[in-house]
Amino acid sequence: MRILATSVLMIMLALAASAVAPSARAGTAAAPTRAEGGAGSTIAVAGWQIQASDKAQESGAEISSAAFSAQGWYPVSGRATVMAGLLENHTYKDVFYSDNLRAVQAPDASGTVFVNPWWYRSEFTLPAATHGRHTLLRSNGIIASADVWVNGHLVADHAAVAGAYPVHEFDVTRWVHAGTNVVALQVHPADPRRSLSIGWVDWNPTPPDNNMGPWRGVDIVQSGPVQLRFAHVTPTLSLPDLAHAALTVKVEARNLDAVAHEATISGVVAGVSLNRTVHLAAGETQTVAFTPKTDPALDLDHPRVWWPAGMGAQPLYALQLAASVGGTMSDQAGATFGIRSVSSRLTKQGYRQFLVNGMPILIRGAGWAPDMFLRDDPARMEAEFSYVRNLGLNTIRSEGKLESARFYELADRDGIMILAGWECCDKWESAAKTGGAPWDAADLKVAQASMASEARLLRNHPSVIGFLIGSDNPPPPPIAKMYVDTLRAEDWARPIIAVATDKGTAETGLSGMKMTGPYAWVPPSYWYADQLGGAFGFNSETSAGADIPRLEDLARMLSPQEQEALWKHPELRQFHAAADWSTFASIAPFATALARRYGAPKSLADYVAKAQLENYDNVRAQFEAFNAHRDAANPSTGVIYWMLNNAWPSLHWHLYDYYMNPAGAYFGAKKANEPVHIQYSYDTRAVVLVNQTLTAEHGLQARIRVRNLDGSVRYEQRVQDLDLAGNGTRQVATLPALAGLSPTYFVELELASADARPISRNVYWLSTQADTLDWVHSNWYLTPVTHYADLTALQSLPTATAEVRATLQHEGTQDAVSVTLTVPPSSKAMALFQHVSIKRSADGEPVLPILWSDNDMTLWPGESITLTARYARLGTATPVIEMSGWNAPARSVPVVLQHASPEQSP
């Protein structure tokens, strides 16, 4: 596991700070944004004051005037939706606890506070004007639309500024002046069924304000007479040798004046100097291109190549450009990019296979969810990317809810591939559905502007490997053609995919993807089947549904009554499972399977313990099945776990919960996605080695054991001197049918290097009674089970003795904790599913976020293992290790502080 120390530090410290930072006091005006950086500068509006239009009934001219008083308005941050801004001001309390959100959603006698427009007002200061200086106002996406005012003047109305994604830029030079200026937005209500904004379908409850507001922020841009925009670099990498890369550099030069200008465009890219002089007529825009034909040095030898995580490094290059007019700098632009090749093809069976730098790659990803109120939290986003790397994933799919530049910058840095695309349902797919509402000319205009803006945002990022122009349904022909034409016009040089289902368009061909479920509980063996959502082809979104957080998190999100219902009355619908109307508001299939396979829960704690076992086992099996079948006759090419995270605290669809507390699902995924891994196949009983890296392994040693419930070894095999190719798999053994197994038994797998260094360890708990699937009665979200595996004997395991030792070492601005778990030979039983957490003190909160080397371990008497964890330093506090397990008593263990070696000191 590679951990970036600096990144982890930034994550932890920033998260700690954001957790305690007080929001601004309601009614207090924020200091004006100072847009004084000179030509070529861009400054984000740092904050707003907001108010409902039924309370602020003055005209836009008045509200955007310097004399207007916003006394009593809510001060909010620069990228706050209305609901996010009200939460900053503590208008609503604990909306993520129990069903408190219902009180915000429910209308009063006059409707809700979100049915009318809201005003956003901010001030910005400008330096004294210089000759030729222009000031531009840039909105980066407003939900659902807005009238824009500056210093009493209407700049654009909401017909011109509409949609969550289009970037709009307005030259407001004639209306601004040196000193303090005012910008005001009248933001109109959002409804994802009627506008191309953002909807949440069944992921979580609908935000009461439908995310209305300038969610991607507004910028003040300063430029001279010639402005540079949309700088980008398109690399063409030679394959298969990766020895050369031809760079094409483009930038848009725009004359903002009413007179002609000569402009010199100069700069540097990848160490290559660029220079070009162009003539621009009044108001003219030109695309200035630099290619190996015009600038031969742009044909690079031996480029530093960008690779996905686990397959190589992630070097990035910089482009810097400036425009000068009359010898004076007018504007500047730049970009960061990576050199790599990405393409895709269809397998013989018609499924999409991605290739990066000419190498076929198994997509192992999960679906992204931002915060439900689209709150901007850089520290949290950093932490989430650290979890993605720690999980061993290589891809994130964004189904709508597309993020700002920071998201893609982190993906570039960390080697996480991004599959971006439009969302399903709502207005985005209304024209594609039978009986759906067609789009009018205004919708088409917003959609085209959305596609162009997203292409410009994404095209420089090596992490972005494709764009899905549809999700559940492909766009109708005219819309599909518009999307493809727009992408190509913006120099899009990566796959364009019609849809995430097994459909296509004339422009893109077949998608090569399947969306066949499941979305609710199925047994681990399901994933090895050659039907529906089994591990073949590219499954664009799938999982076994419910993912139950740990006990301390359930207490944060559920009332005592909801907690009791969770384990006593699973047939009841849970507000924190999915949207009220959704099939998934009930997690009954999961609860039924849990009781049948592991035994009826005796308490909430017992329910949670069994749920962690179930989530670990199932998530591991899903990823392992796709791993095992990557080289099969009908190969697996990609799987997107549904989902990576949640927009709010949820019982459904996540690898880590909203509180970022790793639990069974997390560690099951992490285990399956180890760089070099040993695993068991539910379908054939084969033992398979998987290498996710490009580095071949030689001389590996595998040890296979089958144990009865009492720990006795019923079968053992050692396989020596194994070679394993990079980016591939190898079957090393098949377990024989064994007589005399206990009804519940274990398979223990270990993989070591030639010099006996441990590489991978994996333990399965299995039943001699298999889960039986009723394929004939499958539906779009689950396959019924007619007989369940019997794992109830796990409840009869004797109490195990587990010894724990923990040491803490300060490593600069991080803490590194080493935890050694030992089951002594004298123990009466193996220790099943031992979980280690770290708390700030004996009765304190968990230390989060945290990066573990492994967790949820199973050990037999005489076995020992050491785990490591890293997190931001806690200052002078000494944390406490909390140990819990299936059949070992919970206990707290103090940590022994060790002094860092000199080279590790700050």
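Per-chain numbering applies: the sequence of each chain, read as written, is numbered from 1 onward. Reporting of local features is limited, given that this is a predicted model, to residues whose pLDDT is at least 70; pairs of side-chain atoms are given and counted only at 80 or more, and all residues count toward the totals for whole chains, interfaces and linings. No hydrogens and no water enter the side-chain calculation; it runs on all heavy atoms of the structure.

In DSSP terms, a helix is any run of H or I states spanning at least four residues, a strand is any run of E spanning at least two, and both are numbered starting from the N terminus. Per the secondary structure count, the protein includes 14 helices and 49 strands. Just to be clear, the radius of gyration here is over C-alpha atoms, and the globule rule we use is 2.2 Å times residues to the power 0.38. Computed over its C-alpha atoms, the radius of gyration of the protein comes to 29 Å, within 12% of the 29 Å expected for a compact globule of 906 residues. Oriented by its inertia axes, the alpha-carbon framework of the protein measures out at about 90 × 70 × 65 Å. Evaluated residue by residue, the protein yields a buried proportion of 62% over its 906 residues. When checking whether two residues touch, look at their non-hydrogen atoms; a contact exists if any pair is within 4.5 Å. Nonlocal contacts in the protein, meaning residues at least 24 apart in sequence, comprise 72% of its contacts between residues at least 6 apart. The rule is simple: take the accessible area with a 1.4 Å probe, protein chains only, and divide by the maximum for that residue type; under 20% is buried, over 50% is exposed, in between is partly exposed.

UniProt positions are given in the numbering used here, feature names are shortened, and annotations may be inferred rather than shown by experiment. With numbering matched to this structure, UniProt assigns "domain: Glycoside hydrolase family 2 catalytic" (unreviewed entry) to residues 352-501. With 40% helix and 20% strand, residues 352-501 has its two end C-alpha atoms placed 11 Å apart.

The phi torsion of most residues other than glycine is negative, and most of the peptide bonds are trans. A144 follows I143 through a cis peptide bond whose omega is -5 degrees. Mapped onto the elements of the fold, A144 is located in the loop between β6 (134-139) and β7 (145-150). Between L848 and the following residue, P849, the backbone shows a cis peptide bond with an omega angle of -5 degrees. Position of P849 relative to the elements: it lies in the loop between β43 (831-839) and β44 (851-852). One non-glycine residue with positive phi stands out, namely N151, at about 50 degrees. Looking at the secondary structure, you find N151 in the loop between β7 and β8 (153-156). One non-glycine residue with positive phi stands out, namely K401, at about 50 degrees. Take K401: it is sitting in the loop between β24 (395-399) and α6 (405-414).

Attention now moves to the state of the cysteines. Working definition: a disulfide is two cysteine sulfur atoms within 2.5 Å of each other. Applying the stated criterion across every chain yields a total of 1 disulfide. Shown here is the disulfide that connects C424 with C425, its sulfur atoms set 2.4 Å apart. Disulfide C424-C425: the torsion about the S-S bond is -80 degrees, which places it as left-handed. On the basis of relative accessible area, C424 is assigned to the buried category, the value being 6%. By relative accessible area, C425 is classed as buried at 16%.

Note that N645 resides in the loop between β31 (636-641) and α14 (664-672). For N645, a relative accessible area of 2% gives the class buried. From its side chain, N645 meets the backbone nitrogen of A369 in a polar contact 2.8 Å long. Setting aside its immediate chain neighbours within four residues, N645 contacts G367, W368, A369, E384, W653, H654 and Y656. Between N or O atoms, a polar contact is any pair within 3.5 Å; within protein, one atom must be a potential hydrogen donor and the other a potential acceptor, and residues adjacent in sequence are included only when both atoms are from side chains.

Before going further, it helps to spend a moment on the side chain of Q227. Topologically, Q227 is positioned in strand β12 (residues 226-237). Here E169 takes part through its side chain, which lies 3.1 Å from a polar atom of the side chain of Q227. A distance of 2.8 Å separates the side chain of Q227 from the side chain of R254, its partner in a polar contact. In this view, Q227 contacts L136, E169, V221, E252, A253, R254, L256 and D331; residues no more than four positions away in its chain are not counted.

Two rings belonging to Phe, Tyr or Trp (six-membered ring only in the last case) form a pair when the distance between their centres is within 6.5 Å. Interplanar angles under 30 degrees mark stacking, angles over 60 mark edge-to-face geometry, and anything in between is tilted. The tally for this structure, following the rule as stated, stands at 47 aromatic pairs. Ring plane angle 70 degrees and centroid distance 5.7 Å describe the contact between Y680 and Y682, whose orientation is recorded as edge-to-face. Take Y680 and Y682: they sit in the same class, and that class is buried. Of the aromatic side chains, those joined through ring pairs into one cluster are Y165, W215, W422, W428, F467, Y483 and W492. Charge-over-ring contacts are defined here by two conditions on Lys NZ or Arg CZ: a distance within 6 Å of the ring centre and an angle within 35 degrees of the ring normal. Directly above the ring of Y317 sits R304, whose terminal nitrogen or CZ lies 4.4 Å from the centroid. We note R456 situated over the ring of F230; from NZ or CZ to the ring centre the distance is 4.1 Å.

This part is about the packing of helix α5 (residues 378-391) against α14. Contact geometry of α5 with α14 gives a least axis separation of 8 Å together with a crossing angle of 50 degrees. As summarised for this structure, α5 and α14 are arranged oblique, according to the angle between their axes. Across the interface between the two elements, Y387, N390 and L391 of α5 pack against Y666, A669 and K670 of α14. Residues are grouped as follows: nonpolar covers Ala, Val, Leu, Ile, Met, Phe, Trp, Tyr, Cys and Pro; charged covers Asp, Glu, Lys and Arg; every other residue, Gly included, is treated as polar. Considering only residue class, the contact of α5 with α14 consists of 4 nonpolar, 1 polar and 1 charged. Throughout, an axis means a line fitted to C-alpha atoms (over the contacting stretch in the case of helices), and angles, computed between N-to-C directions, take values from 0 to 180 degrees. The scheme is simple: roughly parallel for angles under 35 degrees, roughly antiparallel for over 145, roughly perpendicular for 65 to 115, oblique for anything else.

Let us look at the UniProt feature "domain: Exo-beta-D-glucosaminidase Ig-fold" (unreviewed entry) in the protein. UniProt tags residues 780-887 as "domain: Exo-beta-D-glucosaminidase Ig-fold" (unreviewed entry). Annotated as 0% helix and 45% strand, the span residues 780-887 places its first and last C-alpha atoms 38 Å apart.

Let us look at α14. Across the 9 residues that make up α14, a large majority, 9, are buried. Contacts from the buried residues of α14 go to α5, α13 (604-628), β32 (676-680), β38 (758-767), β43 and β44.

What follows deals with the sheet that holds strand β15 (residues 272-280). The strand order β15-β14-β18-β19 describes an open sheet built from 4 strands, whose pairing is antiparallel. In this open sheet, the two strands that pair with only one neighbour each are β15 and β19 (328-337). Here the strands of the sheet are splayed against their neighbours by 15 degrees on average, with no regard to which way each runs. With 9 bridges joining them, strand β14 (residues 261-269) and β15 adopt antiparallel strand pairing. Counterpart to E262 in the pairing with β15 is H279. Here, any two strands with at least 2 DSSP bridges between them count as paired.

For strand β30 (residues 537-542), the buried fraction is high: 6 of the 6 residues fall into the buried class. Sheet topology note: the β30/β31 ladder contains 4 bridges and is parallel. Bridge assignment links F538 to a residue of β31, and that residue is G638.

Turning next to the sheet that holds strand β48 (residues 891-894). If you trace the 4 strands from one edge of the open sheet to the other, you get β45-β43-β47-β48, paired in antiparallel fashion. What marks the edges here is a single partner per strand, and that holds for β45 (857-859) and β48. Averaged over all adjacent pairs, the angle separating strand axes in this sheet is 35 degrees, with direction ignored. In terms of strand pairing, strand β47 (residues 880-884) meets β48 through 4 bridges, oriented antiparallel.

Each reported salt bridge corresponds to a side-chain nitrogen of Lys or Arg within 4 Å of a carboxyl oxygen of Asp or Glu. Here the structure, examined in full by the defined rule, presents 44 salt bridges. A salt bridge links E169 to R138; the nearest nitrogen and oxygen atoms lie 3.4 Å apart. Highlighted residues: E169 in strand β9 (residues 168-171) and R138 in strand β6, separated in sequence by 31 residues. Note that R276 is salt-bridged to D295, the shortest N-O span being 3.5 Å. Separated by 19 residues along the polypeptide, R276 in strand β15 and D295 in the loop between β16 (285-290) and β17 (299-301) bring together distant segments of the chain.

Let's shift gears to helix α9 (residues 477-489). With 13 residues, α9 ought to run about 18 Å at 1.5 Å a step, and its terminal C-alpha atoms sit 18 Å apart, in line with that. When α9 is considered as a whole, its buried residues turn out to be I479, A480, M482, Y483, V484, T486 and L487. Here the buried face of α9 lies against α7 (426-430), α8 (441-458), β27 (496-497) and β28 (504-505). Backbone geometry just after α9 places D491 at a positive phi near 60 degrees. Helix span, as expected, comes to 1.5 Å for every residue beyond the first.

The next thing to look at is the pairing of strand β10 (residues 179-188). Counting buried positions over the 10 residues of β10 gives 8, a clear majority of the element. Judged from the 9 bridges that link them, strand β5 (residues 118-126) and β10 form a sheet pairing that is antiparallel. Bridge pairing links S122 to V183 in β10. Where β7 and β10 come together, 6 bridges link them in antiparallel fashion. Note on β10: the bridge partner recorded for W149 is A184.

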